[in-house]
Amino acid sequence: MTTPATRNPWVRNFHPAPNARTRLLCFPHAGGSASYFFPLSSALAPEFDVYAVQYPGRQDRYTEALIDDIDDMADQAYEALEPLIDAPVALFGHSMGAVLAFEVARRIETLAGRSPVLVFASGSRAPSRYGDEQEADGSQGDEDLLDVMRDLGGTDPRVLNDPDMLATFLPAFGSDYRALQKYHRGTEVAINAPVVVMTATDDPKTSVDDASAWLEHTSGGGEVHTFSGGHFYLEKQPQRVIEVIAQALRSTEGG
């Protein structure tokens, strides 16, 4: 069966759910890939139709050029995802993915004239809380990037200690990290869609206050859910994560 995701290099639909009322478009973290959302897709299907975004320069798109600018990435992602927004859609983004979900939501509202039913901002400071990092000139070396990866956790130690594996992973992480360092939006830049903030109280890069500031970037209201488990709390509390997402989506469907 042909679906909107067929032969689309930006989209992976691991567990097609054509009868679902809502599509959930998921945006990975810096250095991440679509496969990160395979467990979430499995857990939410067939109630929700989950699509994971695959950025250029990783996994099966490894030979494609990396994009180190959030606006450029969001423009290309929106163009690729536009065929999917003919049904109710929600956007979920973790870390850098939250910023991209927000920017794609802005494009949906301005270019398509409709709003996502929800935007989930996970493990990320609000757009107004970016832009204060040091070395925003992109001068970080590999050791600097490795230090960031160690601080965040979530990376298999075997990757951090294997030069060959690092050679395939670091370029994408570095490109994404530089894109985030250049990013900032004032609180006047907002969307109409409600925002569900999800953050860990022990995230080394995101305080609860910086995450809660996402609610300053929407006229649609929202809520904040806190977890424990560090920056990649999704892997530590998968069942609660699934419950929060599913209940929020059900509320948009009157469930």
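Preceding this section is the structure that the text describes.
First, a word on what this report is: a plain description of the structure on this page. Owing to the predicted nature of the structure, the values given are computational and were not obtained by experimental measurement.

1. Some words on the environment of Gly 57
- Looking at where Gly 57 falls in the secondary structure, it is placed in the loop between β3 (49-53) and α2 (70-81).
- Taking the relative accessible area as the measure of exposure, Gly 57 reaches 7% and is therefore buried.
- For Gly 57 and Gly 31, which are 26 residues apart along the polypeptide, the C-alpha to C-alpha distance reads 9.4 Å.

2. Looking at helix α9 (residues 238-252)
- Taking 1.5 Å per residue as the helical rise, α9 with its 15 residues ought to reach 21 Å, and the 22 Å between its terminal C-alpha atoms agrees with that figure.
- Taken as a whole, α9 has its buried residues at Val 241, Ile 242, Val 244, Ile 245, Ala 246, Ala 248 and Leu 249.
- Once α9 ends, the next one or two residues include Gly 254, with phi positive near 80 degrees.

3. Quick notes on the packing of aromatic side chains
- Summed over the entire model, instances satisfying the criterion amount to 9 aromatic pairs.
- Measuring from centroid to centroid gives 5.8 Å for Phe 92 and Phe 120, while their planes differ by 40 degrees, and the two rings are tilted. Of the two residues, Phe 92 sits in strand β4 (residues 89-94) while Phe 120 sits in strand β5 (residues 118-122), which places them 28 residues apart along the sequence.
- Residue Phe 120 is classed as buried on the basis of its relative accessible area of 0%.
- Members of the aromatic cluster, joined through ring pairs, are Tyr 36, Phe 37, Phe 92, Phe 120 and Phe 232.

4. So, the pairing of β4
- Counting buried positions over the 6 residues of β4 gives 6, a clear majority of the element.
- The two faces of β4 match: Val 89, Leu 91 and Gly 93 on one face and Ala 90, Phe 92 and His 94 on the other face are all buried.
- The pairing of strand β2 (residues 23-27) with β4 spans 5 bridges and is classified as parallel. Paired with Cys 26 across the two strands is Phe 92, which belongs to β4.
- One ladder, built from 5 bridges, connects β4 with β5; its direction is parallel. Each residue of the ladder has a partner; that of Gly 93, found in β5, is Ala 121.

5. Some words on unusual backbone geometry
- Cis geometry marks the peptide bond from Ala 45 to Pro 46, where omega comes out at 0 degrees.
- Secondary-structure assignment places Pro 46 in the loop between α1 (38-44) and β3.
- Unlike most non-glycine residues, Gln 59 shows phi in positive territory, near 45 degrees.
- Within the fold, Gln 59 resides in the loop between β3 and α2.
- On the accessibility criterion, Gln 59 (44% relative accessible area) is partly exposed.
- Even without being glycine, Ser 95 reaches a positive phi, approximately 60 degrees.
- Its place among the elements puts Ser 95 in the loop between β4 and α3 (96-112).

6. Observations regarding the nonpolar core
- One finds Trp 10, Phe 27, Leu 81 and Leu 91 to be the most contacted residues of the largest nonpolar core, which totals 45 residues.
- Contributions of two or more residues to this core are made by β2, β3, α2, β4, α3, β5, α6 (163-181) and β6 (195-200).
- In this view, Trp 10 contacts Ala 52, Val 53, Gln 54, Tyr 55, Pro 56, Arg 61, Ile 67, Met 73, Gln 76, Ala 77 and Ala 80; residues no more than four positions away in its chain are not counted.
- Residues Phe 48, Val 196, Phe 227 and Val 241 belong to the second largest nonpolar core, which totals 26 residues.

How each quantity is defined
Residues numbered from 1 in each chain as written. Predicted model: local features only at pLDDT ≥ 70, side-chain atom pairs only at ≥ 80, totals over all residues. Heavy atoms only, no water. Helix = DSSP H or I, 4+ residues; strand = E, 2+ residues; numbered from the N terminus. Buried < 20%, exposed > 50% of the residue type's maximum accessible area, 1.4 Å probe, protein only. Expected span 1.5 Å × (residues − 1). Phe/Tyr/Trp six-rings, centres within 6.5 Å; stacked < 30°, edge-to-face > 60°. Pairing = 2+ DSSP bridges. Core = buried A, V, L, I, M, F, W, Y, C linked by side-chain atoms within 4.5 Å. Contact = heavy atoms within 4.5 Å.

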